[in-house]
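# A closer look at the structure
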Amino acid sequence: MRKVLVTGGTGYIGSHTAIQLANAGFEVVILDNLSNSSKGVVARIEELSKRQVDFIEGDIRDHELLRNIFSQHTFDSVIHFAGLKAVGESEEQPLRYFDNNVSGSIVLFDEMIKAGVYKLIFSSSATVYGDPGYVCYSENTPLAPINVYGRTKLMVEDILRDLKKSQPKWQIALLRYFNPVGAHESGRIGENPFGVPNNLMPFISQVAIGRRSKLMVYGNDYATPDGTGLRDYIHVEDLAAGHVAALKTLGDVNPFITLNLGTGKPYSVLEMISAFERASGIKIPYEIVGRRAGDLSEYYANADLAKEILGWQAKLGIDRMCADTWCWQKSNPEGYGID
Ligand code: NAD
Ligand code: UD1
């Protein structure tokens, strides 16, 4: 059976992907330092996939640990989700972000080479595009991130492009996610941000469950139909399916792929609030406040290439995104904290 090391596998996207990998017949080993996730996720991944999943608590920056892991398992591939992802925090603590996301990736890639594992999927982000001056981003959109977090993603992409040049046997997929939302349809796993959520969807769902009194809508004076920001929200289950498709596609015919994973259809903040209200039957109180620094008015993916190369496209729409988020939130009001 093909074995895959999933770094960051107890996190939001990693946990959903781990289930789909197990369901697709991959043997899954998770490495996570639990800096932004809970150990209780592992049992839920096993429960939902009905398969055993190995979990190793540890840090991708730990050379010795990685050497042990690679000597104890024969991996076919690595999916590298582990990373810090809060934009505001990255501006305040740049060294922590470069160390975790960039230095950590270097340690991982170095140990992969030593172990002879050359197949990798890397979690990149639409953030690598910055602000190109237009709103539909193809993979050829110039790479010019406007924050530290985005620069860590671009640096790792650059490292991987250089690695491929230096050792052509590498098989690498750079997947640039747009805005992942939603949860597993069972409501057993979902997004569980520690502290105050930075992103829209978890904030809305915490308002709905009563953990926060109201949502702040960051600006209604953008040049969009209702004045609020437009984003390409993608269901995390579609995103997970994109990883399984990428793993199956990577090979001699497609040895290096760079793909946007999005739906191509953006929604505004007010549309997301209405959709969530429809799905939950709960009114979401909100207040319009000033714009958030660093926000763009609108962007979304041109996801044609992923369809062409992977035969993958997002299937789940805004109603499922909201219904699944709400199912997760209402059955786990304190996230995994109730374990
Ligand atoms: P997450 O925080 O839920 O998951 C990341 C996991 O990595 C966490 O479980 C955390 O504990 C772990 N981790 C962090 N640093 C580590 C280290 N040094 N060693 C071991 N484990 C470590 O985030 P997510 O939303 O699941 O994101 C997964 C990846 O996708 C990240 O790399 C993120 O930058 C990228 N991404 C996320 C989004 C998004 O909106 N969620 C968008 C684009 C890209
Ligand atoms: C943010 C990050 C981006 C990252 C993405 C991952 C910033 C500046 N950008 O993008 O780098 O890749 O998350 O998902 O942080 N909004 C509100 N109120 C809130 C939260 C958000 O009105 O409490 C609005 C935002 O202004 C935006 C939209 O909702 O218009 C989506 O915001 P968010 O979920 O934070 O995602 P991005 O800003 O797209």
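Below or above, wherever it landed, is the structure these notes cover. No experiment lies behind these values; they were computed from the predicted model shown.

## Observations concerning the side chain of T228
- Along the chain, T228 turns up in the loop between strand 9 (215-218) and strand 10 (230-231).
- Among the polar contacts made by the side chain of T228, one reaches the side chain of D226 at a distance of 2.7 Å.
- Here V269 takes part through its backbone nitrogen, which lies 3.2 Å from a polar atom of the side chain of T228.
- Those residues in contact with T228 that lie beyond four places of it in its chain are V217, G219, N220, Y222, S268, V269 and L270.

## Here's the deal with the pairing of strand 2 (residues 27-32)
- Burial within strand 2 is extensive, with five of its six residues counted as buried.
- Bridge analysis of strand 1 (residues 3-7) against strand 2 gives five bridges, and the strand direction is parallel. Bridge assignment links L5 to a residue of strand 2, and that residue is V29.
- A crossover connection joins strand 1 to the parallel strand 2 through helix 1 (residues 12-23); in handedness this β-α-β unit is right-handed.
- Judged from the four bridges that link them, strand 2 and strand 3 (residues 54-57) form a sheet pairing that is parallel. Bridge pairing in strand 3 links I30 to F55.
- Where the polypeptide runs from strand 2 across helix 2 (residues 40-49) and back to strand 3, its parallel neighbour, the crossover connection is right-handed.

## A short note on the nonpolar core
- Of all hydrophobic cores here, the largest spans 42 residues; its most connected members are L21, V28, I30, I121 and L175.
- For this core, the elements supplying multiple residues, two or more each, are strand 1, helix 1, strand 2, helix 2, strand 7 (171-177), helix 8 (236-249), strand 12 (256-261) and helix 10 (304-310).
- With near-sequence residues (within four places) excluded, L175 lies in contact with I121, F122, S123, S124, S125, G242, H243, A246, L259 and L261.

## What about the site of ligand 1?
- In the region of ligand 1, 28 residues are neighbours, and D32, N36, S37, K85 and Y149 sit closest.
- Between an oxygen atom of ligand 1 and a side-chain N or O atom of D32, the distance comes to 2.6 Å.
- Here ligand 1 loses 96% of its free accessible area of 820 Å² to cover by the protein chains.
- Elements represented by at least two residues in the shell around ligand 1 include exactly helix 1, strand 5 (119-125) and helix 6 (148-166).
- A per-element tally of the shell around ligand 1 places strand 5 first, with three residues.
- Split into classes, the residues belonging to the shell around ligand 1 amount to ten nonpolar, 13 polar and five charged.

## Some details on the pairing of strand 12
- Most of strand 12 is tucked away, with five of its six residues classed as buried.
- The pairing of strand 7 with strand 12 spans six bridges and is classified as parallel. Looking at strand 12, one finds that I172 is bridged to F256.

About the criteria used
- Residues numbered from 1 in each chain as written.
- Chains lettered and ligands numbered in written order.
- Predicted model: local features only at pLDDT ≥ 70, side-chain atom pairs only at ≥ 80, totals over all residues.
- Heavy atoms only, no water.
- Helix = DSSP H or I, 4+ residues; strand = E, 2+ residues; numbered from the N terminus.
- Polar contact = N/O pair within 3.5 Å; in protein donor to acceptor, adjacent residues only side chain to side chain.
- Contact = heavy atoms within 4.5 Å.
- Buried < 20%, exposed > 50% of the residue type's maximum accessible area, 1.4 Å probe, protein only.
- Pairing = 2+ DSSP bridges.
- Right-handed = clockwise from strand over helix to strand, strands pointing away.
- Core = buried A, V, L, I, M, F, W, Y, C linked by side-chain atoms within 4.5 Å.
- Near = heavy atom within 4 Å.
- Areas by Shrake-Rupley, 256 points an atom, 1.4 Å probe, with all protein chains shown as cover.
- Nonpolar A, V, L, I, M, F, W, Y, C, P; charged D, E, K, R; others polar.

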